[in-house]
Each structure stands twice: as C-alpha cells, then as structure tokens.
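Structure assessment
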Amino acid sequence: LNYIGIQALIQSAGDVGNQVIIARAARIAKLGARVGRFTKMVKMLRFLPGMGGEKAQGSAKVINSRLTHSLSTWVSCLIILLVLIIPMFSMWSFPQTDQSLLSWAQRLDDVSYARPDVLTRELEKFDAFYTTMNYFPYKVDVKDGVTVLPTATLTILPWNGRSAPSRSDGVQIHESDYLSISFNFTGPNQTDSGMNLLLLLFVMILMVSFSMVLQKTTSKMILHPIEKLLTQVKDTASSIFESVPDLGGPGEEEEDSSDDENNEDGTWKAANFKEEIHLLDKVVQKVTDLQKREDKTDSSAGQWVGARTEGDETQGKKKGGRMAGSIFQAQSGEKEPETDTMTMVQTQYKLLEDAGLSVEALSTWKLSPLEFDPIMNRAAAAFIIGPANHGIRCEGFLQAFVEEVETSYSRSNAYHNWFHAVDVAHATWRLANLCNVIDFLDYHETFAVLVASLAHDLGHPGVNARFLIETKHTLAMTYNDRSPLQQMSSSKLFEITKKPNCGIFSVLSRNHYMAARKACIQAILATDTALHFQNVKKVQMLYEMNSEVLDHAAEIFRDSRDEDEEPNFPIPEVVDVFKEPSTKQTLMDLMVHAADTSNPTKPWRICQIWVQKAMEENFLQGDEEKLLGLPVHALNDREKANLPYGQIGFIEYLVAPFLLTVTKVLPPAEDMLMQLMLNLKSWHKRWEAECSPREEERIAMRGRLAEVIRSFRESRPK
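Residue indices begin from 1 for each chain and proceed along its sequence in written order. For a predicted model such as this one, the threshold for reporting local features is a pLDDT of at least 70, and the threshold for listing and counting side-chain atom pairs is 80 or more; totals across whole chains, interfaces and linings nevertheless cover every residue. Derived side-chain values reflect all non-hydrogen atoms in the structure, with water molecules and hydrogen atoms excluded from consideration.

With that settled, consider helix H25 (residues 581-596). Helix and strand assignments follow DSSP, with helices taken as H or I runs no shorter than four residues and strands as E runs no shorter than two, numbered in order from the N terminus. Helix span, as expected, comes to 1.5 Å for every residue beyond the first. Given a rise of 1.5 Å per residue, 16 residues ought to cover 22 Å, and the 23 Å separating the end C-alpha atoms of H25 matches this to within 8%. Taken across its 16 residues, H25 has 14 buried, putting it largely inside the fold. Classification of residues uses two cut-offs on accessible area relative to the type maximum, computed with a 1.4 Å probe and protein chains only: under 20% is buried, over 50% is exposed, and between them is partly exposed.

Structure below.
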C-alpha cells in the first residue's frame, strides 16, 4: 500500500472509531477466508467419478454451488448477529460522553480560589451529585506545587468523602489548575468485567452452535455423497475383481498362487479387503497383469497391442495440460518414484499456500504483484519457475535463486523493478498454461522460458537503451549498442546461476543446459522494443506458413469454449507444427514479449497503476535528459506528456497489432486481446474528459479507434 501511495489514506483514519471498523472488517475477512477453505475442499470432489448429478456440469460443481450458498447464508447470519448483539454489551459501561467530572473539577477549582467560604457547601453538593451513580469522588486535594490558594481553602482541603477503592485500578484522578480529584470507579470496572465475561460466553456459545450447524451441513452435502460413492465403488470393484480371473485364461492360477493362499478357487471377494482403496489397487494390479500377458501373446503373433502412439500421448495430456507420469522424469529418462513426485508437488503447493496464495489465486489475469507483500511475491516467483510446472528438480536452489534475483532488481526504479519481474513471470506462466506448452515444449525449454520471464530486466538502470547509447554508457560500449539492457540482463542471470546455492540449471544434462541457456538468452533479447516489429513479422510469418492448420485449431478452440467444454488446444496437427525447433524458439520469444507488454491487457484498475509507474520512470529519464541537454522524447517530458493520448497510441501502433497476430497462432490469448479493446475505449473516454479536445480532434481519434476495432472484429470468427 505504501508503494502504491494508498497508505496515507489509511493513516488519515486514525481515530478509535475507524480502528474498530477496521478490526471488525478484519474479523469478517477471516470468516470469508474460512469459507474459501470449505470451497477448496469441495473442489477436490471433481476427481471422484460416478457421483451422479445434474447433466453435464458435474456433481462436484453442483455440490460446490449448494455448499457455498448454504455456508454463505449461515456465515452471513453469524456476522449479522455479531454486529447487532455485540454493541449491546457496552450499554451498561461508563458513558464516554459524561462531562460531569470535568465540569465539577472546574467549578471546584474556581470556588476554591475565589470563594473559599462556600467551598464546604460545594463539596457536599459535589458528593450528593454522584449518590445515584456507581462511581463517586472520595478525595479532593490541592495539586502538588500549588501555593496560590487562600488559607481558608487550605484548612478545608484535603476533603475525604466516601470510601476509597480497594484496588488501584479502581482509581481515576482528574486534575484542574489547582485541585486533584480522585474518583472511585470500582462499580464501572466491575460492570465492564461482567459484560466482557458475558460477551465471551455469548461468543463461545454462538461459535459452538454455528460449528455444529456447519458440521451438519458439510456432512449432509459432502460426506454422505462420498460415503455413497465409495460404497458403489466397492461393489463395482468387487465385481470387476471377481471377473478378472475368468478373463485371464490358462496359467492364471500359476501366476496368482500367492493370492490363492487366501482363496482356494483363485478368486477374490470384496470381504478380503476392508478398505476400498486397497481393493481398487488390487483390481488395477490384476488388470495390468492381464494386459502384460495379452501383450506377450499378441507380440508373438506379430502385433503389439500395448504400443502407444505419440497421438495417444498427446490426447492423454489434454485433460490436465500435462501427463502425471511423464512430466516428472529424471534426466536419465527413468521415472522417479510416484510418492517422491507427489511429495515434491505437495511441498510446492504448501509453500505457496503458506504465503497466503494458491494456484487458483494465480490462475487469473486480475493478479497484481504490487498488492502482494514481499513473502507472497517470492513465493509466487518460486512456484512459477519451480518443478511443479516443468518437472526439473531444482527445488533445492529455488529460494536462494529467487532472493538473489530480487536483490538484483533496483528498488529505486518506479517500473522496471521486482514487482514488474513477478508480473511478467506470472503473465508468461498464465499464457503457457492456457496454451498447454508442455504438449510441444520440452521440460527444460518450459523451465527456460519461465526463468527468462523472471530475469528479463535484471539490473535495469531505469533508463532505456537510447539514453544509454546517447550518453555513451558503459553498457552501450560493452555491447556495441545492440540490445545493451537485454544482454546485460541475460549475462547477470547466468552469473547468478553460477553461484553454488543458486544453480537451478545445474541439475540439467550438458545438452539440456546449453539448450536452456540459448532459449533464455534469445527470449530475453526478444523483449527489446527495438526488435518489436521483427517479432511481429516472425509471428505473422509463422501464421502465414501454417494458416490452414492454425485456423482450424482456432475454430475448434472457440467451439469447445463456447460450449463450456475443456478448451481443446493445441490439436495434434498444431503440435507437429510447434515442435519444429525454429518454431519453438519463436513461440518462447512471443510468450515472454507478450507478457512484457501485457500491462494494457490487464483489468482497467491494474492497467492504470502500471501505466502510472511506467510514466513516473519515463519522466525521471526526461528530467535527466534535460539536465544533460539531450533531446527529450514526448513521453518523457512531464510538462508535455498526455497520458491518455500516449496510451492510445501505444496500444494502436504496438500492442494491438502484435496481439492480433499472436491470437492467430495462440487462440487462448484472446482474453488478453478482448481486455485490451476495453482498455482502449476507457483511455479514449479519459482523453475526452481530461483533455477537452476540439471537435476535429475528436473525429480524428474516433476514426483511429474505429480502425483498431475493425481489425479486432475481422480477427474474430464470422
């Protein structure tokens, strides 16, 4: 919040009332988080088959909807009760608006100085005033150091009224200019303590009651269907298991002799297993043994029934974007133990959740690292480049590597900083997941492109390449004016990976390391804005050479998405095109470059924040250019820059043409393009509102926007 500039607004609400509101809001947010955990638990049901349910949307989704509705209703009732009833416990507390203590102190002060003859009578009235209240004065004395009071007053004071409190915390002292008045607040303190105990008891009873209700609701909506499902699974598995020996043919009894020790006729009954999972495991083992036996038989006849084609593997990946058995493989080609793999994945997910994040939270374009704390950003970066997304076992180096990369980004930069790095890495990861890159990129290539996205601006000095060249900066001299920033960043990346505790690439074989290094360097170099139009041409060429296949794939993708099915991309024909070595590098380059220029494609609120950060950095460069007597670019001159007009031009000439081409090759990027069009319209409205353009300027601008929107509509299916 401090980074964005909102903290001052929060600090201005510093009074007690606002603090109470914030505390209550925090409690409500915590309740909401607990509801979110219930929702996560329900989502696990989507992996369970045979739940029965409503049509094609799936039982898990139905249960999720019902459970969310029910829990939301109960939690809302709980919050309403708390908000309405809790303030009632303060009705018997000491009234905060009681000004009688100060009024009497001032009156006695005046009398003791000017009218000591009536002081005794005033003290009696003072004591009588508090007769009906549960707090009262018990002593009035002269303040220490006061010597101006008349002698008559000093003969009356100190005055002692009713009994003093037995505990020191029951004393409240109010002082005026001359007097010190002590009050006995034992009564209000006891009342407050009693009310606090009653409030605590009420909250405990309320929480226990609602816990029982929620437990009953959860059991009814989740546990009972699961119990019913497991019963069905047990019965079905038992039937399958009993029929398996009959399918085995001759020789079954010999291979299953160990099993026959428990059942003489060679068959298994459900009664042999007390757990459904154990039963299912036995069923799978039986079927596997039968398949091996059939493979041997068919192989001797010249046929290999168990062979699996590349197309089968591709189709197998579609559901989750990657195959559980093949992505996590050691470099030797041998599969790691499944338990070790799952432990690693669970550890990666737990580290993410411990930081307050989740995969669901990352799987959206609405994410903004500017709103994360340092721990959340490090956790997000580590997860994005971690083995859960590519299978390369680099987890031992992740923490040190991420911390070193974060340190290498300048904190003084308004835009090219660690937040921007995490944002680009997230956009790359998000786009890679939507496009199922694991279907056409090797694991070390996926690893490389994610690392490149995080490190693409390492060591950025906060000025562009043109400034470095014109000032004859060391970087420009070192790299001969050719992409000095990108070459410096890629160099720093591999300097970091040379450190013993940061060697994320050290687990790769030599060939894979060289391929990953080449992919990283090329992807980082592709983020140079001077190469932007070359990147557009490369992507356009890729589309033109494979337009028939890509158009067909885009049509299938849109149809599946419109029908609320699992988006089907890429299809096998596209996979064959994308697996070409030169095409792979083009795809990696465009993903990182699209992520690097994705600020205009973010939701409007986030888009404006990033633009403000970028302009702040540009203005600082413009100030430096003025001091050095260098030409100042229009976007760098804080006195001349027109923010909405500049963003319209940036989208019109750079981002929109690029994304229009990218979506022809990668249809899942269409959501970015649609948000870009919405932001373009928002910038247009802001330009008209803030700049008050002339009518001819309005007409010209509308014509420009119409051309961009026309290109967008032409890219859509007829």
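Back to the text.
A word on the packing of aromatic side chains. Each aromatic ring pair is described using two quantities: the centre-to-centre distance and the angle formed by the ring planes. Only centres within 6.5 Å qualify two rings of Phe, Tyr or Trp (six-membered ring in Trp) as a pair; their planes then separate them into stacked at under 30 degrees, edge-to-face at over 60, and tilted for everything else. Applying the stated rule across the entire model yields 24 aromatic pairs. Between tryptophan 74 and phenylalanine 210 the ring centres are 6.0 Å apart and the planes differ by 80°, which places this aromatic pair in the edge-to-face class. Here phenylalanine 210 lies in helix H7 (residues 186-248) and tryptophan 74 lies in helix H3 (residues 59-85), a separation of 136 residues in the sequence. Among the residues examined, phenylalanine 210 registers a relative accessible area of 10% and is labelled buried. Aromatic side chains phenylalanine 557 and phenylalanine 569 sit 6.4 Å apart centroid to centroid with 75° between the ring planes, which places their arrangement in the edge-to-face category.

Most of strand S4 (residues 179-184) sits out of view: six of its six residues are buried. The side-chain alternation of S4 yields two buried faces, one formed by Leu179, Ile181 and Phe183 and the other by Ser180, Ser182 and Asn184. Only strands that DSSP links by at least two bridges are regarded as paired with each other. As defined by bridge partners, strand S1 (residues 136-142) adjoins S4 across six bridges and the pair is classed as antiparallel. Pairing of aspartate 141 across the sheet is with serine 180, part of S4. Note that strand S3 (residues 171-175) and S4 share five bridges and pair antiparallel. Looking across to S4, one finds that histidine 174 is bridged to isoleucine 181. As consecutive antiparallel partners, S3 and S4 are separated by three residues.

Moving on to the sheet that holds S1. Strand order in the open sheet made by the four strands is S2-S1-S4-S3, with antiparallel pairing throughout. The open sheet has two edge strands, strand S2 (159-160) and S3, and neither has a second partner. Sheet topology note: the S1/S2 ladder contains two bridges and is antiparallel. In the strand pairing of S2, lysine 139 is matched with asparagine 160. Residue contacts follow a heavy-atom distance rule, with two residues in contact if any of their heavy atoms lie within 4.5 Å. For helices, the fitted line uses only the C-alpha atoms of the stretch in contact; every axis is such a line through C-alpha atoms, and the angle between N-to-C directions lies from 0 to 180 degrees. Lying over the sheet, helix H4 (residues 100-114) contacts S3 and S4, oriented at roughly 145° with respect to S4. Running at roughly 150° to S1, helix H5 (residues 119-129) makes contact with S1, S2 and S4 of the sheet.

Within this scheme a cavity is a closed region of a 1 Å grid, computed over the protein atoms alone, that accommodates a 1.4 Å probe without allowing it to escape, whereas a pocket is open but has protein on both sides within 12 Å along at least five of seven lines; lining residues each have an atom within 4 Å of a point. Grid points are joined across faces, edges and corners, and a volume is the space filled by probe spheres set on the points. Counted by the stated rule, this structure contains one cavity of 30 Å³ or more. Its volume calculated, the largest cavity comes out at about 60 Å³. Looking at the largest cavity, the residues that line it are Asn535, Lys538, Val539, Thr586, Asp589, Leu590, His593 and Phe658. Going through the elements one at a time, helix H22 (532-545) and H25 are the ones with two or more residues in the lining of the largest cavity. Residues are sorted three ways: Asp, Glu, Lys and Arg are charged, Ala, Val, Leu, Ile, Met, Phe, Trp, Tyr, Cys and Pro are nonpolar, and all the rest, Gly among them, are polar. Residues that form the lining of the largest cavity fall into these classes: three nonpolar, three polar and two charged.

Between H22 and H25, the shortest axis-to-axis distance is 10 Å and the interhelical angle comes to 130°. Relative to H25, H22 is oriented oblique. Considering how the two elements wind past one another, H22 and H25 form a crossing that is left-handed. Within the contact between the two elements, H22 uses His532, Asn535, Lys538, Val539 and Leu542 and H25 uses Thr583, Thr586, Leu587, Leu590 and His593. Tallied by class, the residues present in the contact of H22 with H25 amount to four nonpolar, five polar and one charged. Comment on the angle field: the value is read as roughly parallel under 35 degrees, roughly antiparallel over 145, roughly perpendicular from 65 to 115, and oblique elsewhere. In this scheme, a crossing is called left-handed if the near helix is turned counterclockwise away from the far one by less than a right angle; it is called right-handed if the turn is clockwise.

Moving on, we come to the confidence of the model for the protein. For every residue, the predictor assigns a confidence score, pLDDT, that lies between 0 and 100. Per-residue pLDDT for the protein averages 80, and the proportion of residues at 70 or more is 75%. Between residues 244-274, whose pLDDT stays under 50, and residues either more than four places distant or in other chains, the model counts 34 contacts. Across residues 294-337 the pLDDT falls below 50, and counting only partners more than four positions away or on other chains, this stretch makes 55 contacts in the model.

For helix H28 (residues 670-691), spanning 22 residues, the distance from its first C-alpha to its last is 31 Å, which sits close to the expected 32 Å at 1.5 Å a residue. Along H28, the residues classified as buried are Glu670, Met672, Leu673, Leu676, Met677, Asn679, Leu680, Trp683, His684, Trp687 and Glu688. Packed against the buried residues of H28 are helix H16 (418-434), helix H23 (547-562), H25, helix H26 (604-628), helix H27 (643-665) and helix H29 (695-715).

So, on to the layout of surface pockets. As a volume, the second largest pocket reaches approximately 1,200 Å³. Along its surface, the second largest pocket is lined by 42 residues, and His416, Asn464, Thr529, Asn618 and Phe650 are the ones closest to its centre. Sorting the residues of the lining of the second largest pocket by element identifies helix H18 (465-470), helix H20 (484-497), H22, H25, H26 and H27 as the ones contributing at least two each. Taken together, the residues that form the lining of the second largest pocket break down as 16 nonpolar, 21 polar and five charged.

Moving on to the pattern of salt bridges. Each salt bridge in this description consists of a side-chain nitrogen of Lys or Arg and a carboxyl oxygen of Asp or Glu lying within 4 Å of one another. Tallying each qualifying case throughout the model produces 28 salt bridges. In this structure, glutamate 404 engages lysine 499 in a salt bridge whose closest nitrogen and oxygen atoms are separated by 2.5 Å. Of this pair, glutamate 404 sits in helix H15 (residues 395-408) while lysine 499 sits in the loop between H20 and helix H21 (510-525), and the two are 95 residues apart along the sequence. Given the relative accessible area of 34%, lysine 499 is considered partly exposed. A salt bridge links glutamate 707 to arginine 710; its shortest N-O distance comes to 2.2 Å. In this pair, glutamate 707 and arginine 710 are both assigned in helix H29, three residues apart and thus about one turn of the helix distant. Residue class for arginine 710 comes out partly exposed when judged on its relative accessible area of 36%. Because the salt bridges share partners, they merge into one network encompassing Arg558, Arg561, Glu670 and Asp671.

Here we take up the packing of H16 against H25. Two numbers describe how H16 lies on H25: the axes approach to 8 Å, and their chain directions differ by 130°. As judged from the angle between their axes, H16 and H25 are oblique. The way H16 lies across H25 gives a crossing that is right-handed. Between H16, through His420, Val424, Ala427, Thr428, Leu431 and Ala432, and H25, the contact on the second element is made entirely by Met591, Val592, Ala594, Ala595 and Asp596. Taken together, the residues of the contact of H16 with H25 sort by class into eight nonpolar, two polar and one charged.

Secondary-structure assignment places leucine 468 in helix H18. Taking the relative accessible area as the measure of exposure, leucine 468 reaches 1% and is therefore buried. In this structure, leucine 468 is in contact with Pro461, Val463, His473, Leu475, Ala476, Pro484 and Leu485, ignoring residues within four places of it in sequence.

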